[in-house]
Amino acid sequence: MDKTIKAALGLLFFPLLLHAQQQEEKNEAFTLTRSTIGIGGLWKTGDKYATNYIRKGRSFGEVTIRYKKADGSRDSLRASNSGDKDLKLNESFQLQGERLVWTIKLKNSGSGDLTIEDLSLPLAYNAGGGENPTEIFEQRVVKHHFISGNNSFLYWERPTGVGPYLVMIPVPGASLEYFSTNTPGESGRGTFQAFIHSAYTGNNDKKGNWRQSFTSLALKPGAEKQYQFVFRWANDYQGIRDLLVEEGGIDIQVMPGMTIPTDLDAAISLRTRQPITSITGEFPAATKVQKQGTKGVYRIQLTHLGENKLTIEYGNHYKTYLEFFVTEPLETLYKKRAAFIVDRQQHKDSTKWYDGLFGVYDMKNHVLRGPDNPDYFDTSRLSYVLTCDDPALCKAPFVAAKNVFYPDQHEIDAVEYYIKHFVWGGLQRTDAETPYPYGVYGTPNWKVNRNASDRRARLDANGDTTGQAKFKMHTWRSYDYPHIMMMYYSMYQVAKNNPGKTHYLDAKGYLIRAKETAKAFFKYPYEILPWYETYKWGCYNELLLIPLIADLEKEGYKEDAQFLRSEWEKKVKYFIYDDPYPFRSEYAIDATAFESSHALAKYGVLNTMQPDSNLWYDKNLKRWYSHPHVDKQDAVKFMDRQLAANLALRGVIEPTYYYLGSDYRGRSDGFTLTYMSQMGGWSILDYGLHFSSKPADYLRLGYASYLSAFALINSGTAATNYGFWYPGKDNDGASGWAFESQQHARSWIQKEQGRGPWFYDGEVDLGYGGATRAAATIVTDDPVFGWVAYGGHLVSSGATLSVIPRDGLSTRLYLRSKDLYVDVELQQDGFAKEQPVVFNKTAGTLSFSIENRSGIAHETTVLVNDKEHRVALTAGKFTKTVIKTLN
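Residues numbered from 1 in each chain as written. Predicted model: local features only at pLDDT ≥ 70, side-chain atom pairs only at ≥ 80, totals over all residues. Heavy atoms only, no water.

Draft legend 1. Expanded view of the overall build of the chain. Per the secondary structure count, the chain includes 19 helices and 44 strands. Here the C-alpha radius of gyration of the chain, 28 Å, is about what a compact globule of 887 residues would show, namely 29 Å. For the chain, buried positions account for 62% of its 887 residues. Split by element, the accessible area of the chain, about 32,700 Å² in all, is 49% carbon and sulfur. Computed over 103 positive and 101 negative side-chain charges, the inter-centroid distance for the chain is 2 Å. (Helix = DSSP H or I, 4+ residues; strand = E, 2+ residues; numbered from the N terminus. Rg over C-alpha atoms; globule rule 2.2 N^0.38 Å. Buried < 20%, exposed > 50% of the residue type's maximum accessible area, 1.4 Å probe, protein only. Areas by Shrake-Rupley, 256 points an atom, 1.4 Å probe, with all protein chains shown as cover. Lys, Arg positive; Asp, Glu negative; His and termini not counted. Charge placed at Lys NZ, Arg CZ, Asp CG, Glu CD.)

Pasting the structure below:
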């Protein structure tokens, strides 16, 4: 039989071989079942939830090999069919106390030379699936991986973040160089595979690029080669770091992150028992590495825009790689991104129904898409991408939010044009339209949805089976409302702080729009289509309800403020008391919850809520929710639980720019750096700043999250042709939607994508809008790195700390150490560019200059530890001030 056919049949029937009788074996650390091939079940002995970390019907040990013979022909070998081959494969799993050791042995038993071109380890872990929350959060696991030579590692944990974590580490001498989920014989994205050798697969994928070498292994007749990996349990992330060191690897810490602007320095910490031989930059002339002290800390300066690889050599000629991404300064990125959306992504044609729309941009083809230039979106289920839903609705709110900090008349005019021509009376029902005034239309677009017969016809044509939904006004998608609320609320702030710069509405007009949209958010979705459970799902941007409520109270809208507060508290109580796993969206598990979940927990911690009876009625479960006992400590406990779940779906210790701080979606595929990297990153940073007694780890990770997705922005200088990913001046300021970390894959938007940012921008501006809430300069005494400034340049001398803010917005400064807790927040304007903020610890004074960003004389408010200080600004460039803080 032809070897290709034999291989295909092997792939087809391979999983069936794993259902053979399994034998249980255990010690104090591991309980496992042995299958025909390797390990068919793996548990932590005594685990509270008895989670099996291996997918049912599959095994760890499904080794796959592709090799070339001396005559140039190729053959393949799997653990299931290793007989009658020139290449012999033997593998074993041995319990050795707290270690489970996986040994893979290869032997050339033939008479000719063999070259191992692929040696892959399919790891069929027990990934999430289904709709049952208990099953998802207690019986399933998510995977994390760092594939980087000898210091590679993988770990698996439950989506709750509740330990233990299963950790897989190469024994010194073994390494991993490549991964893929494009499994032959499986539809779509298949089983995750880590490769020891990848010369065949890697070199034959011409559609993408890879940053590590594709190696092979030559075996002479009679020659043997052994590889070993160890599995161990860790209770937490520090436990994983300790295991890496114990097993001969390196625990790597990074600050401020691995997406690094050119005006910020970085530092790495290498904790290991192995000697560090060298650290070599990919671009030596643009890389400076300087060791600091004797604790394995190195200061890094990188000035080459784009990807920068550091090669670390250690131990017995071992290597691992750190991938950084270097960007332009953050202020430049905020301004370029907003300008690009306004100048390159707005449709302006009064003859079109979508006049004013901010559309999605195609970097690959340098094209703005829309209803008349749709690519394929108009004929797919993704038609909403063009005009509504998260991809289209996120852009104006970001531009408006940016203008709160850096007002620009051209950009303000563009947002108002969008509101006047596309939103009001189109996307959003006006205050005069009944029923459902201020309702926001959903997919496929408002033009279809405003014509009931067109909507029903489209749903019928698409085989819609949602029953009565198609007969109801499509203003029921909860997620759409906070986008519009954020846009109006930001425009209220712009108008209030910059009199005369808005022309469509004044500050009062925008505040009214914001509050009525917020009220509609709580009223309409649950009334029209209760499946959209506004009280149960975390909706991005809804946390702005808190400052909106505060401003409504100040402006005299007390009844509206009270309504919104009471609705918000229903949601707070639900998340704290009524659902053990409120980490979902329209999907059963989703990282989109983790901005809201922290904001809801924070409200419960900081505010006194009253007990209640029959607070609200659940139309789906047909039950009332009551809360006879309400305690702030319950909110504290929930805050910790939601934080653990946030970290479980985020890169916590994987030191590469597209993982560290990035959100994960609990899938086996490779896309990262979505909008929740920064939105959920705010949650971690806020927790570290305001709630943790040991903030260092959270400040590191939170700031890495803030910086992470800026790597998606295509920007540069003339010398770099204005962009690393998709060069060309007309793409300067464009952005990707997410990041594909595999060499090549097909994204869920049905586009072939090589490693790098997706070439559509889609939902990414949700993240950049969220980033405006996280941006800050943080000065802290870090236990690993000493005195540092996240988002700034720090000089420490005696009792004086001097920092130049470079966080992108320059409006927030936090000082944190054992004896220092200072918050400085400018309510308008910003710290003067490249001027230091000086804190004198002895005198207890802050000295700084404020730049006037509105261009007119006014008073600005500076909050120092929540105490208001009023500073008069002239129409000049900046005003210097000194504020007494402590003494």
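Draft legend 2. A look at the pairing of strand E15 (residues 224-234). Pairing between strand E7 (residues 99-108) and E15: eight bridges, direction antiparallel. Note on E15: the bridge partner recorded for tryptophan 102 is phenylalanine 229. (Pairing = 2+ DSSP bridges.)

Draft legend 3. Expanded view of helix H11 (residues 480-497). In this model H11 runs 27 Å from its N-terminal to its C-terminal C-alpha over 18 residues, within 8% of the 26 Å that 1.5 Å per residue would give. For H11, a buried count of 16 out of 18 residues is recorded, marking the element as mostly surrounded by other parts of the structure. (Expected span 1.5 Å × (residues − 1).)

Draft legend 4. Structural context of the pattern of salt bridges. Summed over the entire model, instances satisfying the criterion amount to 60 salt bridges. Residues glutamate 25 and arginine 34 are paired through a salt bridge, measuring 2.7 Å at the closest nitrogen-oxygen approach. Given the relative accessible area of 25%, arginine 34 is considered partly exposed. The partner of lysine 536 in a salt bridge is glutamate 533, and the shortest N-O contact between them spans 2.9 Å. Both residues of the pair, lysine 536 and glutamate 533, belong to the buried class. Salt bridges here are not isolated pairs; linked through shared partners, they connect Glu98, Arg99, Arg232, Glu246 and Glu247. (Salt bridge = Lys/Arg side-chain N within 4 Å of Asp/Glu carboxyl O.)

Draft legend 5. Spatial organisation of the pairing of strand E23 (residues 318-327). Within E23, nine of the ten residues are buried, leaving the element largely enclosed by the surrounding structure. In terms of strand pairing, strand E17 (residues 259-261) meets E23 through three bridges, oriented parallel. Across the sheet, residue threonine 259 finds its bridge partner in E23, namely phenylalanine 325. Sheet topology note: the strand E22 (residues 306-314)/E23 ladder contains nine bridges and is antiparallel. Note on E23: the bridge partner recorded for isoleucine 312 is threonine 320. What sits between E22 and E23 in their antiparallel hairpin is a turn of three residues, with glycine 315 showing a positive phi close to 55°.

Draft legend 6. Local environment of the packing of aromatic side chains. This structure, assessed with the given rule, holds 73 aromatic pairs. Aromatic side chains tyrosine 155 and tyrosine 165 sit 6.3 Å apart centroid to centroid with 25° between the ring planes, which places their arrangement in the stacked category. Of this pair, tyrosine 155 sits in strand E10 (residues 153-157) while tyrosine 165 sits in strand E11 (residues 165-170); the two residues are ten residues apart in sequence, bridging distant segments of the chain. The pair tyrosine 155 / tyrosine 165 is uniform in exposure class, with both members buried. Between tyrosine 617 and tryptophan 624 the ring centres are 5.3 Å apart and the planes differ by 55°, which places this aromatic pair in the tilted class. By way of ring pairs, the aromatic residues Phe521, Phe522, Tyr526, Tyr535, Tyr574, Phe575, Trp616, Tyr625 and Phe638 are connected into one cluster. The aromatic ring of phenylalanine 192 is capped on one face by lysine 143, whose charged end is 4.3 Å from the ring centroid. (Phe/Tyr/Trp six-rings, centres within 6.5 Å; stacked < 30°, edge-to-face > 60°. Lys NZ or Arg CZ within 6 Å of the ring centre and 35° of its normal.)

Draft legend 7. Inspection of the packing of helix H12 (residues 507-528) against helix H13 (residues 545-554) at higher detail. Relative to each other, H12 and H13 sit at 125°, their axes nearing to 11 Å. On the basis of the axis angle, H12 is oblique to H13. Where H12 crosses over H13, the handedness of that crossing is left-handed. On H13, the residues touching Leu511, Ala514, Lys515, Ala518, Phe521 and Phe522 of H12 are Leu545, Leu548 and Leu552. Here the contact of H12 with H13 is built from residues that sort into eight nonpolar, no polar and one charged. (Axes fitted to C-alpha atoms, helices over the stretch in contact; angles between N-to-C directions. Parallel < 35°, antiparallel > 145°, perpendicular 65-115°, else oblique. Left-handed = near helix turned anticlockwise from the far one by under 90°. Contact = heavy atoms within 4.5 Å. Nonpolar A, V, L, I, M, F, W, Y, C, P; charged D, E, K, R; others polar.)

Draft legend 8. Representation of the side chain of asparagine 541 in the model. If you trace the backbone, asparagine 541 turns up in the loop between H12 and H13. Looking at asparagine 541, its side chain comes within polar contact range of the side chain of arginine 773, at 2.9 Å. (Polar contact = N/O pair within 3.5 Å; in protein donor to acceptor, adjacent residues only side chain to side chain.)

Draft legend 9. Structural detail: unusual backbone geometry. Note the cis peptide between threonine 434 and proline 435, where omega equals -5°. Tracing the sequence through the fold places proline 435 in the loop between helix H8 (409-423) and helix H9 (446-449). Of the consecutive residues threonine 443 and proline 444, the connecting peptide bond is found in the cis state with omega at 5°. Tracing the backbone shows proline 444 in the loop between H8 and H9. Non-glycine residue tyrosine 722 carries a positive phi angle of around 65°. Locating tyrosine 722 in the fold gives a position in the loop between strand E29 (713-714) and strand E30 (734-735). Although it is not a glycine, aspartate 829 sits at a positive phi angle of roughly 65°.

Draft legend 10. Representation of the sheet that holds strand E2 (residues 30-34). Taking strand neighbours across the sheet as the criterion, the three strands line up as E1-E2-E3 in an open arrangement whose pairing is antiparallel. Where the open sheet ends on each side, the last strands, each with one partner, are strand E1 (23-26) and strand E3 (39-44). Neighbour-to-neighbour, the strand axes of the sheet open up by a mean angle of 20°, direction not taken into account. Relative to E3, E2 runs antiparallel, the two being bridged by five bridges. Among the inter-strand pairings, phenylalanine 30 is bridged to a residue of E3, identified as lysine 44.

Draft legend 11. Representation of the sheet that holds strand E18 (residues 266-272) in the model. If you walk across this open sheet you meet the four strands as E16-E18-E21-E20, and the pairing is antiparallel. Of all the strands in the sheet, the pair left with one neighbour each is strand E16 (250-255) and strand E20 (287-292). Sheet twist, expressed as the average angle between the axes of neighbouring strands with direction ignored, equals 25°. For E20 and strand E21 (residues 297-302), the ladder comprises six bridges, and the chain directions are antiparallel. Paired with lysine 288 across the bridge in E21 is glutamine 301.

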